Amino acid sequence: MTMLRNKPLGRLVRARCHPFCLSILSVLFVCEEALAVEVVSAPVDGSSHVEFDSSFLAPGSSRNVDISRFDRGNVVLPGNYSVDVFVNQNWVGRLQVPFKVGEEGANAQACFDKRLLEVMGVDLNKFAEQLREQLSVAGTCLPISQVISDATTQFDFAEQRLDVSIAQVGMSRSARGYVSPEHWDSGVTAAILGYDASTYRYGGNSSMTQNYVGLNTGVNIGEWRIRHDGSYSSSSSSSTNGKSEYQGILTYAQRDLTGLKSQLTLGDAYTTGELFDSTAFRGVRIATDDRMLPDSMRGYSPTVRGVASTNAKVTVKQNGVTVYETTVAPGAFEINDLYATGYGGDLDVSVLEADGRTSTFTVPYAAVPLSVRPGMNRFSVTAGQVRDSRLSTQPIFTQGTWQRGLTNTVTGYTGASLSQGYGAVLLGSALNTRFGAVGLDITQSQATQASGERMSGSSTRVSYSKLIDETATNFSIAAYRYSTGGYLSLNDAVQVRNEPKRHGGESPLTRQRSRTQVSISQMLGRDGSLYVSGSTVDYWNRSGTDVNYSLGYSNNVRSLGYSLSANRQRSASDASQTVYLLSLTLPFGGSRPMMATSNISRDNNGRATTQATLSGALFDDNSLSYGVTSGRQSGDGQQSTNNSAHAQYRSMNTELSVNAGSGTGYSQVGLGARGAIVAHPGGVTFSQPVSETIGIVEAHEASDARVLNSSGLKVDSRGYAVVPYLTPYSMNTVDLDPKGMSTDVELQISSQQVAPRAGAVVMLKYPTVSGRTAIIRALQSDRQPLPFGASVFNQQGQEVGVVGQGSKIFARGLEPKGSLIVKWEDEASSSCVLAYDLPERQKADKYSSYQQIEAICSASKVQE
């Protein structure tokens, strides 16, 4: 039986042991030996003190082995560790933290340098100048207690978690999710070629083939990102000659203006479209980029202000869910970094005082898209030529907009747009009230036609948003716009002035008179949801009204999901169609889940369609998805059937798709490929489809290690992989899974964090150690096993392991042929040399299992 002897004032704790310690325990339990373990009070570093009585070891030389290094649980050896860092219980990220042996205790302690402290949110300006200078020296790091008084750390070796406790007075006052601009990574010089290629062939009485290639190209040089987007298309049929065309879509250069939290764009682009209609232009634009703000400052959320009498806990709830909780000091407090949580739901704030008293109040929270947080600004300035292929001339224009959060209740915004023969001014406000968020603005325009005739008018817009908590009714957006007969937007005005040049006379332009949009959702029961959405549009110089609305309800019965919907469309010519749809979904399957879907629809003309689809995914990372569909249509006295199948495979360097179908009177087949080619300092790497901001993993000889950020992504044979999606200006964690790589290669680190700038190509280097790995069953010259727990060193004097159960040694980083030194006491006679010779392996091959060999440890060689 296991005996635990507590020393005075000690307490029984669960000992977390180093793997070497655990191996000792496993041997003793297997041999059914007793173990006396003494547990003393836990030290300040959070590890447990465990004393092993060597008299309980099996008779033999193992009793003389020094196992005092295992006296402490959680034995931490010096080195760099990739750990999850929590500061005051808040996760900061997975960071590389050096551990060094201190003056007290056997465990290595976390050591903090200037950059690590800044990442953790420590306010270095509050330190003494001498300490700041000391931390500024390259390579200097200190235990947290030497940096901040009363600060402590606790390291959980098993979970690889480092908890740091720091008083709030030592922390920077920054919004949640804040990453200092000095940590934004501009990336490396690189070139990107993204492609989306497809070919589609269908046939019936005649056949047609269509080909398409979309291109997204770019070059990064320093802080600049140069981009060009274009597309090539061609088509041919059995009855006509083929034609092909290349169209350039966008060509521009862009860079950050960090101080203004904005982007500078030169070339072809579009205006932001927040206040005025979006306009294609060729010129220059400076516009706020909200992504440069911390996560908790993006979008609209009100500021919560109150007063605490004591050290109080403040809890903020929305719709019964806690969205924020913090502790505040006595006096006035302000919370201005709440995450945006949609367009509705008042905030319920409770203040729990130290004496148990509680006070509550409500802060209205409803937002329309133009709402801005109190004190925040959003602006854009554009100058250049209107870019429209329909125009015979490209008029010069300039446009500016500005939004400002004045208070929790009021956001003000304004803008102006000027061009030859045209001017417009906008003024508006968004109000956040307990009855909902209301936006109101008016735009006044004046234009001079080519004939000299003047047109002037105004356009008024009203929007509303509200979540009614009591009934769970959400008016996500309700908007109405009315324009007088003389009102023209910039896009309309340049067309009006251009019409005489193109057609030799005045040509009426279809001008919108009014537009109404409504979107309402209603929760019914626990899972049911009802929605209504619709829009109507009418025009000044065109009769009739365009109408589009839909009504739907969804719910589930156990695992069966169902939805009912009705959609109606009516054009200005009074042509209308109403479609009713019933959809059923049922997941099933075991380790490879699949989904069965059935759709039944019918329109007001009596046409009916029935479809059944079976879909799923294969492989551990779901890199292969597939689906098969069978359908039937009837109506107008005719019936037809169709069957189709599709599959998509996402590999480490491309995304391939195939689809085929046939039905009454037709057949179809299509192929597609999407991906990217990235040229970077390490060479050229093929990739999955990429986003605006990407990373390059560099892990030499770690081929087939999985990159966990994307399905099907692995390190290639050259040691590189492209991470296709990174979030700019935020901390991104990129993890490697060594499963699948050769056992002869070891990742020194498997996780890194990076905060890239928008459009950057960042390099993420993962050092590796390569060398032969083997399990050696070693015996002494007299065929006796080596002492359990003896240390094993290579020829350079580095400890590479210990002798484990059954006289086995696990060693990594070995040369194909060499020797190891085994020591179990200080005397020279208590050591031996283990000569080994590993079987030959081809360097290019990958090995997924450890080689096992036997060898003799000879004492005579040590004496020589």
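> Looking at this structure, I do not really get the sheet that holds strand β7 (residues 152-156). What am I missing?
As a general point, the strands of a sheet are linked pairwise by backbone hydrogen bonds and lie either parallel or antiparallel. Strand order in the open sheet formed by five strands is β6-β5-β4-β8-β7, with mixed pairing between adjacent strands. Pairing within the sheet leaves two strands with one partner each, and these edge strands are β6 (108-110) and β7. The mean angle between the axes of side-by-side strands here comes to 35°, regardless of whether they run parallel or antiparallel. Note that β7 and strand β8 (residues 161-165) share five bridges and pair antiparallel. For Phe 155, the partnering residue across the bridge sits in β8 and is Leu 162.

> It is not clear to me how unusual backbone geometry should be interpreted in this structure. Could you clarify?
Phi is mostly negative for residues that are not glycine, and the peptide bonds are mostly trans. Of note in this structure, Lys 261 is not a glycine but carries a positive phi near 50°. By the secondary structure assignment, Lys 261 is in the loop between β13 (243-257) and β14 (262-270). At Arg 558, a position not held by glycine, the phi torsion is positive, near 55°.

> How should the pairing of β14 be read in this particular structure?
Every other side chain in a regular strand lies on the same face of the sheet, so the side chains alternate between the two faces. Taking burial as the measure, the nine residues of β14 include seven buried ones, the bulk of the element. Where β13 and β14 come together, six bridges link them in antiparallel fashion. For Leu 257, the partnering residue across the bridge sits in β14 and is Ser 262. Two successive antiparallel strands, β13 and β14, enclose a turn made up of four residues, where Lys 261 displays a positive phi of approximately 50°. Bridge analysis of β14 against strand β15 (residues 280-288) gives nine bridges, and the strand direction is antiparallel. Each residue of the ladder has a partner; that of Gly 267, found in β15, is Gly 283.

> In this structure, what is going on with the state of the cysteines? I would like to understand it.
In protein chemistry, a disulfide is the covalent bond that joins the sulfur atoms of two cysteines. Taken as a whole and assessed by the stated rule, the structure comprises two disulfides. One disulfide in the model links Cys 111 with Cys 141; its S-S distance is 2.1 Å. On the sign convention where negative means left-handed, the S-S torsion of about 100° between Cys 111 and Cys 141 marks this disulfide as right-handed. With Cys 111 in the loop between β6 and α2 (114-119) and Cys 141 in the loop between α3 (129-136) and α4 (144-147), the pair connects residues that are 30 residues apart, well separated along the chain. Exposure remark for Cys 111: the relative accessible area of 4% places this residue in the buried category.

> Help me out: how do you make sense of the packing of aromatic side chains in this one?
Aromatic rings considered in pairs are described by the distance between their centres and by the relative angle of their planes. Considering all chains together, one arrives at seven aromatic pairs under this definition. Where Tyr 482 meets Trp 540, the ring centres are 6.5 Å apart and the plane angle is 65°; that geometry is what we call edge-to-face. Separated by 58 residues along the polypeptide, Tyr 482 in strand β28 (residues 473-483) and Trp 540 in the loop between β30 (528-539) and β31 (545-557) bring together distant segments of the chain. The class of Tyr 482 is partly exposed, set by a relative accessible area of 33%. Through successive ring pairs, a cluster of aromatic residues spans Tyr 81, Phe 99 and Phe 155. Of note, Arg 513 hangs over the ring of Trp 540, and the distance from its end group to the ring centre comes to 5.0 Å.

> I would appreciate a short explanation of the environment of Val 800 in the present structure.
Tracing the chain through its elements places Val 800 in strand β51 (residues 799-802). Accessibility expressed as a relative area gives 23% for Val 800, which makes it partly exposed. For the pair Val 800 and Leu 820, spaced 20 residues apart in the sequence, the C-alpha separation amounts to 9.0 Å. Residues within four places of Val 800 in sequence aside, it is in contact with Val 792, Phe 793, Asn 794, Phe 810 and Leu 820.

> Teacher, can you tell me more about the side chain of Ser 458 here?
By the secondary structure assignment, Ser 458 is in strand β27 (residues 454-468). What makes Ser 458 buried here is its relative accessible area of 15%. In this structure Ser 458 touches Ile 442, Thr 443, Gln 444, Tyr 482, Ser 483, Thr 484 and Tyr 487, once residues within four positions along its chain are discounted.

> Looking at this structure, I do not really get the pairing of strand β23 (residues 396-405). What am I missing?
Burial along β23 is one-sided: Phe 397, Gln 399, Thr 401, Gln 403 and Gly 405 are buried, and none of Ile 396, Thr 398, Gly 400, Trp 402 and Arg 404, which face the opposite way, are. In this structure, strand β22 (residues 377-386) lies alongside β23, joined through nine bridges in antiparallel fashion. Bridging from a neighbouring strand, Ser 380 pairs with Thr 401 of β23. Bridging between β23 and strand β24 (residues 410-419) involves nine bridges; their strand directions are antiparallel.

> Help me understand a nonpolar patch on the surface, please; the structure alone is not making it clear to me.
Taken together, the side chains of Leu 431, Val 438, Leu 440, Val 462, Tyr 480, Tyr 482 and Trp 540 make up a nonpolar region of the molecular surface, amounting to roughly 560 Å² of accessible area. Of all elements in the fold, only β26 (436-448) and β28 reach the threshold of two or more residues within the nonpolar patch.

> What is the right way to look at the sheet that holds strand β47 (residues 761-765) in this model?
Pairing is mixed across the open sheet formed by three strands, whose spatial order is β43-β41-β47. Each of the sheet's edge strands pairs with one partner strand only, and the pair in question is β43 (720-723) and β47. Direction aside, the axes of adjacent strands within the sheet are offset by 25° on average. Here strand β41 (residues 694-698) runs beside β43; their pairing, made up of four bridges, is antiparallel. If you follow Val 697 over to β43, its bridge partner there is Ala 721.

> Looking at this model, I keep getting lost on the pattern of salt bridges. Mind explaining?
Pairs can form between side chains of opposite charge whenever their charged atoms are close. All chains considered together, the criterion is met by 15 salt bridges. Asp 256 is the partner of Arg 225 in a salt bridge, and the nearest nitrogen-oxygen pair spans 3.3 Å. Of this pair, Arg 225 sits in strand β12 (residues 224-237) while Asp 256 sits in strand β13, and the two are 31 residues apart along the sequence. A salt bridge links Asp 603 to Arg 607, with the shortest nitrogen-to-oxygen separation between them at 3.2 Å. Take Arg 607: its relative accessible area is 34%, and that puts it in the partly exposed class. Salt bridges sharing common partners tie together Glu 223, Arg 225, Asp 256 and Arg 757.

About the thresholds
- Residues numbered from 1 in each chain as written.
- Predicted model: local features only at pLDDT ≥ 70, side-chain atom pairs only at ≥ 80, totals over all residues.
- Heavy atoms only, no water.
- Pairing = 2+ DSSP bridges.
- Helix = DSSP H or I, 4+ residues; strand = E, 2+ residues; numbered from the N terminus.
- Axes fitted to C-alpha atoms, helices over the stretch in contact; angles between N-to-C directions.
- Buried < 20%, exposed > 50% of the residue type's maximum accessible area, 1.4 Å probe, protein only.
- Disulfide = S-S within 2.5 Å.
- Phe/Tyr/Trp six-rings, centres within 6.5 Å; stacked < 30°, edge-to-face > 60°.
- Lys NZ or Arg CZ within 6 Å of the ring centre and 35° of its normal.
- Contact = heavy atoms within 4.5 Å.
- Patch = residues over 30% accessible without salt bridge, like charges linked within 9 Å, V, L, I, M, F, W, Y side chains within 5 Å.
- Areas by Shrake-Rupley, 256 points an atom, 1.4 Å probe, with all protein chains shown as cover.
- Salt bridge = Lys/Arg side-chain N within 4 Å of Asp/Glu carboxyl O.

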